[in-house]
Amino acid sequence: MSVLDSRLAPVLDDLRERSLYRVRRSVDGAHGVQMRVDGRDCINFCSNDYLGLASDPRLAAAAMRALDRSGTGSSGSALISGYNTEHRALEEELAAFLGRPRVLLFSSGWAANVGVLKALLGRGDMVIADELNHASLIDGARASGADYQRVAHADVDGYRAALQRAALDGRFAMLVADGVFSMDGDVADLPALRQLTHQTGAALMIDDAHGLGVLGATGRGSAEHFGIEPDVLMATMGKSLGCAGGLVAGSETLIEYLVQRARTWVFSTAPPPAIAAAAREALRIIRSEPELRGRLLANIDRFVRGARDRGLPISERAVATPIQPVIVHEDARALRLSRELMERGYWVAAIRPPTVPRGTARLRITLSAAHDAAQIDGLLDALAQSLTVLDQVNP
Ligand SMILES: *Cc1c(COP(=O)(O)O)cnc(C)c1O
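Residues numbered from 1 in each chain as written. Predicted model: local features only at pLDDT ≥ 70, side-chain atom pairs only at ≥ 80, totals over all residues. Heavy atoms only, no water.

1. A few points about the sheet that holds strand 2 (residues 34-37)
Backbone hydrogen bonds hold the strands of a sheet together, and the pairing may be parallel or antiparallel. What counts, and what does not: DSSP calls a pair of strands paired once it identifies at least 2 bridges connecting them. Secondary structure elements follow DSSP: runs of H or I no shorter than four residues count as helices, runs of E no shorter than two count as strands, and numbering proceeds from the N terminus.
Pairing is mixed in the open sheet, where 4 strands are placed in the order 1-2-3-12. If you trace the sheet from one side to the other, it starts and ends with strand 1 (27-28) and strand 12 (346-347), each paired once. Pairing geometry for strand 2 and strand 3 (residues 40-44), over 4 bridges, is antiparallel. Across the sheet, the residue bridging to V37 is R40, located in strand 3.

Next up, the structure:
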């Protein structure tokens, strides 16, 4: 074994022993509700394609038209040669939709969070972060060199104390939180966060990866839902928009600053124009077909009511979002439950540390506008049966 491999192999062995080893399942064909995964047919309840747009033929057609016109690669960073009219049009349409002056596209949500936090924060500054924030927010904030103040989940008093301390010290502070928490499905108390940051002279950054297209009267996300405006609004096009790529919305000054300073944007090839064309079509559909969101909300409601009727252990906090965790605590139990469901034809991935805190392993069920009532009821029945089987094997 090479020096490197002999260093890595024991770590892998340890992960296997602790039920923390991860494997990929390969999807054959389009990403939808009925899927073929590792050679077997199943109903998908674990993707972030909340509106069913990832396999919508209208998005594929828009991408193909752009491929015919513009080819595959953008062939350069946006500042050199990679900025296409499709990118510009998508930025303008997203800005109009979100009601913010400007939008900047990144190649992924991960790149957006890391690029923004490193550009906006530095030594001497403070970042105040919810403990359940997405990994990209944690990495970006830590890499910025700012002091990292981790606050217990949704602890408004904790945020207040940290913000007041920063204000007393005369330091620039930014409060950073998910709008919809990705593994728990609960929504941040944005009005409280906005008020606290205003009172203490801090900035507010919201990651709305799971709110965009889902929450708010017109799908503009958690900020619309609460009627507040963060200083930095980040989201991704890889979830409800069914495409790929990150976006940041904010003031003219913010976006121009990022154009000069966000290293994950400056030094990275611009996304393919065709993916921007597909995202434009997704945005057009979200704006013109509000019934899609209506169907998603009805499906969430059916799932939550059905789970309560069957006495299933769903979260009390995640009532109105498509992310519905079933927390089973032990890692091995989450894996077994996921396998039991797959035996019954339902695909729900087990989520274990480090994606979630130790002792909170779970199934993360996600709902889509594309599910029908029978599929949701079928999942609920399969979940009840699987939990019973698990309790018989290992009470
Ligand atoms: C998925 C996700 C990201 C990363 O976005 P990608 O486009 O997948 O890189 C960032 N933040 C949150 C909360 C997410 O769920």
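2. What about the domain arrangement of the chain?
Our working rule: Those domain boundaries reflect an automatic or database domain assignment. By the convention used here, residues are in contact when the closest approach between their heavy atoms is within 4.5 Å. Summed over both partners, the accessible surface that disappears when two parts come together, traced with a 1.4 Å probe, is what is meant by buried area. When a carboxyl oxygen of Asp or Glu lies within 4 Å of a side-chain nitrogen of Lys or Arg, that pair is called a salt bridge.
Domain boundaries in the chain define domain 1 (25-54 + 290-393) and domain 2 (57-288). Once you take the C-alpha centre of each, domain 1 and domain 2 turn out to be 27 Å apart. Every contact between the two is made by 24 residues of domain 1 and, on the other side, 28 residues of domain 2. Summed over both sides, the interface of domain 1 with domain 2 buries roughly 1,900 Å², with 62% coming from carbon and sulfur. The largest contributions to the domain 1 side of the interface with domain 2 come from L53, R293 and R317, which together make up 33% of the buried area. The tally of links from domain 1 across to domain 2 stands at 3 salt bridges. The salt bridge involving D184 is made with R362; its shortest N-O contact spans 3.1 Å.

3. A word on the side chain of R194
Formally: Type-normalised accessible area, obtained with a 1.4 Å probe on protein chains alone, sets the label of each residue: buried when under 20%, exposed when over 50%, and partly exposed for intermediate values.
Relative to the helices and strands, R194 is located in helix 8 (residues 190-200). With relative accessibility at 8%, the residue R194 sits in the buried group. Sequence-distant contacts of R194, defined by excluding residues within four places in its chain, comprise A202, L204, I228, E229, P230 and D231.

4. Comments concerning the site of the ligand
Rule in force here: We define proximity as follows: a residue is near a molecule or strand when any one of its heavy atoms falls within 4 Å of that partner. What qualifies as a polar contact is a pair of N or O atoms within 3.5 Å, subject to a donor-acceptor requirement within protein and to the restriction that residues adjacent in sequence count only when both atoms come from side chains. Methods summary: accessible areas were calculated by the Shrake-Rupley approach with a probe of 1.4 Å, and residue burial reflects only the protein chains presented. Gly is put with the polar residues, along with every residue not named as nonpolar or charged; the nonpolar set is Ala, Val, Leu, Ile, Met, Phe, Trp, Tyr, Cys and Pro, and the charged set is Asp, Glu, Lys and Arg.
Surveying the vicinity of the ligand reveals 13 residues, the closest of which are G109, W110, D207, H210 and K239. Interatomic distance of 2.5 Å between a side-chain N/O atom of H210 and an oxygen atom of the ligand. Within the contact set of the ligand, an oxygen atom lies 2.7 Å away from a side-chain nitrogen or oxygen of K239. When the ligand sits alone it has 380 Å² of accessible area, and the protein chains cover 83% of it. Looking at which element gives the most residues to the shell around the ligand, the answer is helix 5 (residues 109-120), with 3 residues. Looking at the shell around the ligand, its residues break down into 2 nonpolar, 8 polar and 3 charged.

5. Describing the pattern of salt bridges
Per the counting criterion, the structure on display carries 26 salt bridges. Between R100 and E229 there is a salt bridge, with the nearest N and O atoms lying 3.4 Å from each other. Taken together, the residues R100 in the loop between helix 4 (85-98) and strand 4 (102-106) and E229 in the loop between helix 9 (222-226) and strand 9 (232-236) connect sequence positions 129 residues apart. By relative accessible area, R100 is classed as buried at 14%. Its salt-bridge partner being D301, residue R305 comes within 3.0 Å of it at the nearest N-O pair. Highlighted residues: R305 and D301, both in helix 13 (residues 290-309), separated by 4 residues, approximately one helical turn. When salt bridges that share partners are traced, they join D184, D186, R317 and R362 into one network.

6. Brief notes about helix 5
Convention followed: Any helix carries an expected span of 1.5 Å times its number of residues minus one.
Between its first and last C-alpha, helix 5 extends 16 Å over 12 residues, near the 16 Å set by a 1.5 Å rise per residue. The buried fraction of helix 5 amounts to 9 of the 12 residues, a majority that puts the element mostly inside the structure. All of the buried residues in helix 5 are G109, A111, A112, N113, V114, G115, V116, L117 and A119. Measuring from the side-chain oxygen of the N-cap residue of helix 5 to the backbone nitrogen of W110 gives 3.3 Å; that N-cap residue is S108.

7. Re the packing of aromatic side chains
Counted only if it meets this: Only rings of Phe, Tyr and Trp enter the pairing, Trp through its six-membered ring, and a pair is recorded when the two centres are within 6.5 Å. The plane angle decides the type: under 30 degrees is stacked, over 60 is edge-to-face, the rest tilted.
Per the stated rule, a full pass over the model turns up 1 aromatic pair. Centroid distance F45 to Y346: 6.3 Å. Interplanar angle 40 degrees. Geometry classified as tilted. Remark: Y346 occurs in strand 12 and F45 occurs in the loop between strand 3 and helix 2 (57-70); sequence separation between them is 301 residues. The exposure classification of F45 matches that of Y346, with both residues buried.

8. Details of the side chain of S47
Mapped onto the elements of the fold, S47 is located in the loop between strand 3 and helix 2. Relative accessible area serves as the criterion here: at 17%, S47 is assigned to the buried category. A distance of 3.3 Å separates the side chain of S47 from the backbone nitrogen of D49, its partner in a polar contact. Those residues within four positions of S47 in sequence are excluded, and the remaining contacts are H31 and T366.

9. A word on the pairing of strand 9
For strand 9, a buried count of 5 out of 5 residues is recorded, marking the element as mostly surrounded by other parts of the structure. On strand 9, burial covers both faces: V232, M234 and T236 on one face and L233 and A235 on the other are all buried. Examined bridge by bridge, strand 8 (residues 203-207) and strand 9 share 3 bridges and lie parallel to one another. Residue pairing across strands places I206 opposite L233, the latter belonging to strand 9. Across 4 bridges, the pairing between strand 9 and strand 10 (residues 246-250) is antiparallel. From the neighbouring strand, A235 faces strand 10, where its bridge partner is L247.

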